[in-house]
Amino acid sequence: MKLILAADKNWAIGKGGGLLCHLPGDLKYFKEKTTGKTVVMGRGTLESLPGGKPLPNRENIVLSGNPEYKVEGAVVLHSQEELFRFLEDRDTDQVMIMGGGKVYRDMLPYCDTCYITKIFESFDADTWFVDLDQMEDFQVVWESDVQEEKGIRYRFVEYRRKNGKEQA
C-alpha cells in the first residue's frame, strides 16, 4: 500500500477537517497519483471532499465505525480487518491511503511508499502526521524541484520503507 498527504514543516496535515492550504499543483499531483487506483479514507475525509462525494475514476473505500453509514459510489467498511479481507484479491500496490489522521496512523505500518507534499511553512493545525525524516525505517528516494504557488514553497518527496516490505 501507499500513502499520500501534504504536510507543513511541523508535519501538520489538517485543521477542522480540511487541508492546511489550497495548492493547485499539489491537487494535480494527488490526482495523478490516485486516478485509476483504490483510495482508502475515513468518513471525515470523504465529507471534506467537494460535495462530500467519492472521487471520480477511483475505487473509493470509506472506513467508518458506524454500521449504518452508507455512501453512494463508495464501499463502506467498518474495521481494518474488514479492509484487509476486502483487499485480499487486489494488488495492494494500487491502494492509496488518503486520510485522515487516524487512518494514516493506523495504516502506516502497512505502507511501503509515502508520497508527501512538504510545505515549507507552518500552519495553525489540529492534526499531524509522524515525522518520516525521524523514522529509521523510511528513507527519501526522490524529491522534486521546489515549487511555489501563492507565495507558498513546497516540494514533492517520495519515501520508501528501507526493507522494501510492508510491516503486515
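Here, the structure is the one placed above.
Residues numbered from 1 in each chain as written. Predicted model: local features only at pLDDT ≥ 70, side-chain atom pairs only at ≥ 80, totals over all residues. Heavy atoms only, no water.

Let us now look at the packing of aromatic side chains. What describes a pair of aromatic rings is the distance from one ring centre to the other and the angle between the planes of the rings. Counted according to the given criterion, the structure contains 6 aromatic pairs. On the numbers, 5.6 Å between centres and 75° between planes, the contact of Tyr-154 with Phe-156 is edge-to-face. The pair formed by Tyr-154 and Phe-156 is uniform in burial state, with each residue classed as buried. Following the ring pairs from residue to residue traces out a cluster consisting of Trp-11, Tyr-104, Phe-129 and Tyr-159. (Phe/Tyr/Trp six-rings, centres within 6.5 Å; stacked < 30°, edge-to-face > 60°. Buried < 20%, exposed > 50% of the residue type's maximum accessible area, 1.4 Å probe, protein only.)

This paragraph deals with the pattern of salt bridges. The tally for this structure, following the rule as stated, stands at 10 salt bridges. Residue Glu-59 pairs with Arg-90 through a salt bridge whose shortest N-O separation is 2.9 Å. Taken together, the residues span a long stretch of sequence, with Glu-59 in strand S4 (residues 59-63) and Arg-90 in the loop between helix H3 (80-87) and strand S6 (95-97) at a distance of 31 residues. If you follow the salt bridges from partner to partner, you end up with Lys-2, Asp-93 and Asp-112 in one network. (Salt bridge = Lys/Arg side-chain N within 4 Å of Asp/Glu carboxyl O. Helix = DSSP H or I, 4+ residues; strand = E, 2+ residues; numbered from the N terminus.)

So, on to the side chain of Lys-2. Looking at the element boundaries, Lys-2 is found in strand S1 (residues 2-7). In this structure Lys-2 touches Asp-93, Val-95, Met-96, Ile-97, Cys-111, Asp-112, Thr-113 and Tyr-115, once residues within four positions along its chain are discounted. (Contact = heavy atoms within 4.5 Å.)

The next thing to look at is unusual backbone geometry. Backbone torsion omega between Gly-99 and Gly-100 reads 0°, so that peptide bond is classified as cis. With respect to the secondary-structure elements, Gly-100 resides in the loop between S6 and helix H4 (101-107). Notably, Asn-57 is not glycine yet its phi reads approximately 60°, a positive angle. Structurally, Asn-57 is set in the loop between helix H2 (43-48) and S4. The backbone phi angle of Lys-150 is positive, close to 55°, even though this residue is not glycine. Judged by its relative accessible area of 60%, Lys-150 is exposed.

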